[in-house]
Amino acid sequence: MHVAIIMDGNGRWAERRGLNRSIGHQVGARAVRRVVEAAARSGIEVLTLYAFSSDNWSRPTTEVSSLMRLFRRYLQSEVARCVDNGIRLNIIGRRDRLAADLVSIIEQAERVTADGARLTLRLAVDYSARDAIAHAAALTPVGSASRDEFAKNLAAVTHSSPAAPAVDLLIRTGGERRLSDFLLWECAYAELVFIDDYWPDFDEAAFAAALREFQRRERRYGSVMPSVPPAPQVVPLATR
Ligand code: IPE
Ligand code: IPE
Ligand code: MG
């Protein structure tokens, strides 16, 4: 099962408390740790977290640099824990606009965690689904309408390795009901769950509630109702 999360609301969480938006991002990083652990425990195979969109470059320089600093620190501090817990890291998105030292940290984190077989944790940084689709289309031979070939090119241009399956469940915190240029191709049949809580408040109970909501959905893929209900795909987490 592939779960993707748009971790939104860090800034508003901080502003509500009269704090700098960067503090919201710092507290949000703790929520990332909680959710990664819960995902590993619940048997989810792939978790993709939207950490920084290509449009987020338009934010004030101080906020962008604090996010990059936080991202660097997160990778450096989490790699050992990922290895211990069987978590494979993959940073998806563009790399040509990231600082050279950050790219080295990313490459090293991916190398060191490459044997992780329990959960693939994908962090989307400088990610834009539309850019990725445009670049993948440019690599696909004119006249080819193969979805598989296009998906392979999409994985290549976003540094997705291993290639991830389609998204099953997309969660967005922070109250907005939009995709903000995230995984537009991969979410073709994703179930969407929108949560009003800001990302720093997102905890295991909220995650468990989203997974239960997903289990209640009936996925039809354009076909008719299945006669046998599908078996649960995830191990239940603690309830709220
Ligand atoms: C999401 O929180 C994190 C990033 C986009 C990096 P926001 O920073 O967008 O928080 P709000 O939406 O302004 O509250
Ligand atoms: C989406 O959130 C990007 C991330 C969570 C990293 P935004 O806060 O940037 O999206 P909009 O601007 O509300 O659409
Ligand atoms: Mg936002």
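Residues numbered from 1 in each chain as written. Chains lettered and ligands numbered in written order. Predicted model: local features only at pLDDT ≥ 70, side-chain atom pairs only at ≥ 80, totals over all residues. Heavy atoms only, no water.

Caption draft 1: Geometry of the packing of aromatic side chains. Applying the stated criterion across every chain yields a total of eight aromatic pairs. Residues Phe202 and Phe207 carry aromatic rings whose centres are separated by 6.1 Å and whose planes lie at 65 degrees to one another, so their mutual orientation is edge-to-face. With a relative accessible area of 0%, Phe202 lands in the buried category. The structure contains a cluster of three or more aromatic residues connected by ring pairs, namely Tyr50, Tyr127 and Phe182. (Phe/Tyr/Trp six-rings, centres within 6.5 Å; stacked < 30°, edge-to-face > 60°. Buried < 20%, exposed > 50% of the residue type's maximum accessible area, 1.4 Å probe, protein only.)

Caption draft 2: Main features of the site of ligand 2. Around ligand 2, a shell composed of Ile6, Met7, Asp8, Tyr50, Ala51, Phe52, Asn56, Arg59, Arg172, Arg178 and Ser180 is seen. One of the side-chain N or O atoms of Arg178 is found 2.7 Å from an oxygen atom in ligand 2. A total of 390 Å² of accessible area belongs to ligand 2 in isolation, and the protein chains cover 77% of it. Ranked by residues supplied to the shell around ligand 2, first place goes to strand β2 (residues 46-53) with three residues. Of the residues belonging to the shell around ligand 2, the class tally is five nonpolar, two polar and four charged. (Near = heavy atom within 4 Å. Polar contact = N/O pair within 3.5 Å; in protein donor to acceptor, adjacent residues only side chain to side chain. Areas by Shrake-Rupley, 256 points an atom, 1.4 Å probe, with all protein chains shown as cover. Helix = DSSP H or I, 4+ residues; strand = E, 2+ residues; numbered from the N terminus. Nonpolar A, V, L, I, M, F, W, Y, C, P; charged D, E, K, R; others polar.)

Caption draft 3: Structural view of the packing of helix α2 (residues 21-42) against helix α3 (residues 61-84). Running from N to C, α2 and α3 point in directions that differ by 25 degrees, and their axes come no closer than 10 Å. Comparing their axes, α3 and α2 come out roughly parallel. Handedness of the crossing formed by α2 with α3: right-handed. Contacts from Arg21, Ser22, His25, Gln26, Ala29, Val32, Arg33, Val36 and Glu37 of α2 reach α3 at Glu63, Ser66, Leu67, Leu70, Tyr74, Ser77, Glu78 and Arg81. (Axes fitted to C-alpha atoms, helices over the stretch in contact; angles between N-to-C directions. Parallel < 35°, antiparallel > 145°, perpendicular 65-115°, else oblique. Left-handed = near helix turned anticlockwise from the far one by under 90°. Contact = heavy atoms within 4.5 Å.)

Caption draft 4: Region of interest: the pairing of strand β4 (residues 119-127). Counted residue by residue, β4 has nine buried out of nine residues, so it is predominantly covered. With seven bridges joining them, β2 and β4 adopt parallel strand pairing. Within β4, the position partnered with Phe52 by the bridge is Val125. Bridge count for strand β3 (residues 87-92) against β4 is six bridges, and the pairing is parallel. Residue Leu89 lies in a different strand from β4, and its bridge partner there is Leu121. (Pairing = 2+ DSSP bridges.)

Caption draft 5: Focus on the layout of surface pockets. Roughly 750 Å³ of volume is contained in the largest pocket. If you trace the largest pocket, you find 33 residues lining it, with Met7, Tyr50, Ala51, Phe52 and Asn56 closest to the centre. Counting only elements with at least two residues in the lining of the largest pocket, the list comes to α1 (10-16), α2, β2, α3 and β4. Residues belonging to the lining of the largest pocket are distributed by class as follows: 16 nonpolar, eight polar and nine charged. Its volume calculated, the second largest pocket comes out at about 450 Å³. (1 Å grid on protein atoms, 1.4 Å probe; cavity = no way out; pocket = protein on both sides within 12 Å on 5 of 7 lines; lining within 4 Å. Points joined across faces, edges and corners; volume = space filled by probe spheres on them.)

Caption draft 6: How the structure looks around the side chain of Thr158. Along the chain, Thr158 falls in the loop between α6 (147-157) and β5 (169-172). Looking at Thr158, its side chain comes within polar contact range of the side chain of Ser160, at 2.9 Å. Ignoring any residue separated from it by four or fewer positions in sequence, one finds Thr158 in contact with Ile91, Ile92, Gly93, Tyr127 and Ala132.

Caption draft 7: Representation of unusual backbone geometry. Looking along the chain, the bond that leaves Ser161 and enters Pro162 is cis, with omega of 10 degrees. Within the element layout of this structure, Pro162 appears in the loop between α6 and β5. Even without being a glycine, His159 presents a positive backbone phi close to 60 degrees. Within the fold, His159 resides in the loop between α6 and β5. Its relative accessible area of 32% is what places His159 among the partly exposed residues.

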